Structure formats: C-alpha cells, structure tokens
Amino acid sequence: MASYDTTQEYINHHLTNAKMCTADGGIAFNKACADAGFWTLHVDTIGSSVLIGVCFLYFFWRIGKKATIGVPSKTQAFVEMIVEFVDDNVKSSFNGTSRLIAPLALTIFVWVLLMNLTDLIPVDLFPWIAGLIGQYAFGMDPKDVYLKIVPTTDINTTFALAIGVFILIIFYSLRVKGIKGFAKELTMQPLNHWVFIPFNLVIEIVTLLARPLSLSLRLFGNLYASELIFILIATIGYLQLPLHFAWAVFHILVLPLQAFIFMMLTIVYLSLACEEH
Amino acid sequence: MNFNATLIGQLIAFTVFVAFCMKYVWPPLIGAIEERQKKIADGLAASDKATKDLELAKSSATDQVREAKVQASQIIDQAKKRANQLVEEETQKGHAEREKIIAQGYAEVEAEKNRVKEDLRKQVGLLAIAGAQRILAREIDADAQKDIVAKLVQEL
C-alpha cells in the first residue's frame, strides 16, 4: 500500500470494480464511465465469476463423462461426494419432484463456494498484478487500474442469483398451484376472510419479496464485510500477518457456510413454492 | 450499492450454468452414483443369500456324514460276520479233507502191507524150498517132491 497517499484512498481503490461502458460511440473504462449509469459492466466481476463457473462446470462435466459405476477414481469420488451431499440435502428438504432443483442446488453451492473462496486470496495480489500490467503495457497510473476479483462482494452477482431463484419461485408457484391458487395464497393468508385481502396481500408480497432480498443481501453483506476487514487488516503494517491468518482461518468456516445457506434456502423456498395447501 | 448491467450479465451466466449443469453434468454423475448404490445393494443381498446357502449346505453335509458313518458301521459288522462264517466253513471243510486224506493213507498203507506180506510169504516159501532143496539134494530128487512143495506154498 506504499504507493497510496492515504488509507482512505487505498481502501476505496480496493473496493472499486473495473468498469466498462460505451461512451462517445467507443468503449470506455473506469473513471470515464462515471456518467454511464445503468449501462456499465463490472468486467472484473463478470470475468472472474464466469471463469470460475466455466472451470467448475468443465471439471464436473469431464468427470461425469468418464464416470464409471465400478470402483471410482479419487477425483470421481471427490466429485461424487459433493454431488451426493447436494442430493441428500435436496432429497431431505424438497418434497416435490423436479429435474431442475438438484442441478440448480449443485450449481449454486459449488459456484458460490468457489466465488467466495477467492476472498482468501491476498487482497493486494491481483490489484498489484493488474497495476503492473496497466503501468507497463498501457502506460497508466496503477492507481487508476481497478480489479476486485471476489464476485460475491459485488451486489450485482448476489442479486442476479437471487433474481434467478425468485423467478423460479414464481414459476413453480404458478405451475403447481395455477394462477388462481397462487392468487389465493397471496390474498387469503394468513387471515382467511375477504375483509383482510389488502392486509394479506401486503404481508404476503413482503414475505415473497423478502426471500430473494434476504438471500442476496446476506451473501453480499457477509462477503463485503469480510473483504473490507481483509483490506483494513492489510493497512496496519507487519502486525497484519497473524491477523490475516486468524481472519482467513475464520473464513474457512464462513465461506462454505454462506454457500451452503444460499443453497439450502433456495431449496427450501422452492419447496415452499411447490407445496399445495 | 451500484446496480448496473453487470446484474443482467450475471443473470445470463447463472442461467447458462444451471442449464448446462442440468443437461450435461448432473445426470451422468447422479446416474453413476445411483447405479453403484444399486450394485452394492445387490451384492450385499447376494452375499447374504450365499451365507444362508452355505449354512444349509453345511447342515446337510453333517447329516450325510452321520448317515454315512452309520451305514459304514453296519457294513463293517456284516463283513465281520461273514468273515467269521467263512472261516468256520473253511475250517470244517479242512477237517473233513484231513480225515479223508488220513483214511486214504491208512488204506494205501494197509494195501502195501498186504502186498509186502504176500511177497514175503512167496520169498519165505522159496527160501524154505531152497533150503529144503539143499537138504534134499543130498538125498532126494527135487522133482519127486514138487507136489509137496506146491502144497506147502498153497498152505502158506
């Protein structure tokens, strides 16, 4: 952090995503995108999350293609362990039958877990490499090169996941209960009388919306906070080494737990959506 | 919190990943797991059945061995009995044979004795005649006493 004037500047730099947008008919980056509004892409978030997702799926796909029912190789046993773990959770929590729910849970669990695990990479490593490349390849000031590699510390990622789940909740509710059943569920609960329809509607819609909101904000909050603390620890000189270690060890628990919670809640919400009253 | 087009990008990525996982990743893996589980269950059931079969075979084998032992002792008893019988019979036959041979021997010896006796008589007669001849040669012609000699021989 030696090259930064203030701690404030250092922290702000490390918490800023690399942006890309179209400005003046061409492609612009970072500070030039300040006015681009909604049509801005966080290229670092998308890049690292897609890279992680492709690696995960390619690995699982290759193992699945070579999977034998005989004695499995160690890699296959490892993959099967994860698949069975997810499958057990789906079977114990999800009552309906769906071909989508288990692969969905597997994708969420492993993808989110891997994205979370990038939080354990030393906070300065990738910004420093990106700064060097920017400085020597493009002649930029390294302070103007931004790179935040943990995709789950970007609220866009967690909201995208939650919106995906939310769409599925609506889809399954409509498919299992029909439009009438779903409308009835929104208006006739918890107080089953026509007088309370507006009251019920408000409560049920809040309940419905709270699900994706809590899903995404929980994950985002946890990861953003832990990333922020990693960055704060990085500002205090050599004392950071034991602190970093302690905080990282703590996150060996937190990161998988967040991925697991996201997966479990997805399963539970979809199970509720499939339930008939 | 700045929401932007990244949200849409991530949503597309998420959808594509889930679709890929559902189509190409999940089915072969869970298929392999479930098939293996079935195979293991079948194997365990087969081994249970084999153990049961083995027990049955063991008990039936014990029964057969016991039966065989009983039969064997019966056969041995019969054989002993028969052997005793045979020995008895042979002994009796042997005795009879011995008696017969001895009797034959006696008869032969008797016949020989008689023949020898006859020979001896003849020779004693001839000897007596020779003696008498020598005595009589001094006095009488042998021819004159021939009838007497013959008479003597007959009397012997």
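Conventions used here
Residues numbered from 1 in each chain as written. Chains lettered and ligands numbered in written order. Predicted model: local features only at pLDDT ≥ 70, side-chain atom pairs only at ≥ 80, totals over all residues. Heavy atoms only, no water. Helix = DSSP H or I, 4+ residues; strand = E, 2+ residues; numbered from the N terminus. Rg over C-alpha atoms; globule rule 2.2 N^0.38 Å. Buried < 20%, exposed > 50% of the residue type's maximum accessible area, 1.4 Å probe, protein only. Areas by Shrake-Rupley, 256 points an atom, 1.4 Å probe, with all protein chains shown as cover. Lys, Arg positive; Asp, Glu negative; His and termini not counted. Charge placed at Lys NZ, Arg CZ, Asp CG, Glu CD. Contact = heavy atoms within 4.5 Å. Buried area = accessible area lost by both parts, 1.4 Å probe. Salt bridge = Lys/Arg side-chain N within 4 Å of Asp/Glu carboxyl O. Polar contact = N/O pair within 3.5 Å; in protein donor to acceptor, adjacent residues only side chain to side chain. Nonpolar A, V, L, I, M, F, W, Y, C, P; charged D, E, K, R; others polar. Expected span 1.5 Å × (residues − 1). Bend = angle between axes of the 7 residues up to and from the residue. UniProt positions renumbered as here; feature names shortened; annotations may be inferred. pLDDT = per-residue confidence, 0-100.

Student: Any chance you could break down the overall build of chain B for me, citing the residues and the numbers?
Tutor: Counting its secondary structure elements, chain B contains two helices and zero strands. The C-alpha radius of gyration computed for chain B amounts to 61 Å, which surpasses the reference 15 Å derived for 156 residues by more than 25%, pointing to a less compact arrangement than a globule. Over its C-alpha atoms, taken along the principal directions, chain B stretches across nearly 195 × 30 × 20 Å. Counting over 156 residues, chain B shows a buried share of 13%. Element-wise, carbon and sulfur atoms account for 60% of the exposed surface of chain B, whose accessible area totals about 12,700 Å². Taking the average place of the 24 positive charges on the side chains of chain B and the average place of its 24 negative ones, the gap between the two points comes to 6 Å.

Student: Outline the interface of chain B and chain A, supporting the account with residue identities and numerical values.
Tutor: Each partner contributes residues to the interface: chain B has 31 residues there, and chain A has 50 residues. Each partner contributes to the roughly 3,700 Å² buried at the junction of chain B and chain A, and carbon and sulfur atoms together form 77% of this total. Looking only at chain B, the three residues that lose the most surface to chain A are Phe14, Phe17 and Trp26 of chain B, adding up to 19% of its buried area. Here chain B and chain A share two salt bridges between them. In this structure, lysine 91 of chain A and glutamate 34 of chain B form a salt bridge, with 3.7 Å as the shortest nitrogen-oxygen distance. If you look at where chain B meets chain A, you find twelve residue pairs in polar contact (both at pLDDT 80 or more). In terms of residue class, the side of chain B that touches chain A is made up of 21 nonpolar, six polar and four charged.

Student: Which residues make up helix α7 (residues 197-233) of chain A, and what values do they have?
Tutor: An ideal rise of 1.5 Å per residue puts 54 Å on 37 residues; α7 of chain A measures up with 52 Å between its terminal C-alpha atoms. At alanine 210 of chain A, α7 of chain A is bent by approximately 30°, the largest bend along its length, and proline proline 212 of chain A sits one to four residues beyond.

Student: Can you lay out the side chain of asparagine 156 of chain A for me, pointing to particular residues and giving the numbers?
Tutor: With respect to the secondary-structure elements, asparagine 156 of chain A resides in helix α6 (residues 155-187). A polar contact is formed between the side chain of asparagine 156 of chain A and the backbone nitrogen of asparagine 4 of chain B, at a distance of 3.2 Å.

Student: I'd like a description of the UniProt feature "transmembrane region" (unreviewed entry) in chain B, backed by residues and values.
Tutor: UniProt records the feature "transmembrane region" (unreviewed entry) for residues 6-26 of chain B in the present numbering. Within the segment residues 6-26 of chain B, helix and strand shares are 100% and 0% respectively, and the terminal C-alpha atoms sit 27 Å apart.

Student: Lay out the pattern of salt bridges in plain terms, naming residues and giving numbers.
Tutor: This model, assessed by the stated rule, comprises eleven salt bridges over all chains. Across the pair lysine 113 of chain B and glutamate 110 of chain B runs a salt bridge, and its minimum N-O distance is 3.7 Å. Of the two residues, lysine 113 of chain B and glutamate 110 of chain B are both situated in helix α1 (residues 6-137); the distance of three residues between them amounts to about one turn of the helix. With relative accessibility at 40%, the residue glutamate 110 of chain B sits in the partly exposed group. Notably, a salt bridge pairs glutamate 112 of chain B with arginine 115 of chain B, separated by 2.7 Å at the nearest N-O pair. Of this pair, glutamate 112 of chain B and arginine 115 of chain B both sit in helix α1, separated by three residues, roughly a single helical turn. Because the salt bridges share partners, they merge into one network encompassing Asp87 and Lys91 of chain A together with Glu34 of chain B.

Student: Go over the UniProt feature "transmembrane region" (unreviewed entry) in chain A with me, naming the residues and quoting the values.
Tutor: Residue and element names in this part refer to chain A. UniProt records the feature "transmembrane region" (unreviewed entry) for residues 46-64, 100-118, 155-174, 194-213, 219-239 and 246-272 in the present numbering. Between the end C-alpha atoms of residues 155-174 the distance is 28 Å, and the span holds 100% helix and 0% strand. Here residues 246-272 runs as 100% helix and 0% strand, with 39 Å between its end C-alpha atoms.

Student: How would you summarise the confidence of the model for chain B if you had to cite specific residues and measurements?
Tutor: Taken residue by residue, chain B gives an average pLDDT of 90. The fraction at 70 or more is 96%. With a pTM of 0.76, the predicted complex shows an ipTM of 0.90.

Student: I'd like a rundown of the side chain of glutamate 204 of chain A, residues and numbers included.
Tutor: Residues and elements named next belong to chain A. Relative to the assigned elements, glutamate 204 resides in helix α7. Here glutamate 204 is buried and forms no salt bridge, its nearest opposite-charge partner arginine 211 lying at an N-O distance of 6.5 Å. In this structure, glutamate 204 is in contact with Glu185, Leu186, Gln189 and Pro190, ignoring residues within four places of it in sequence.

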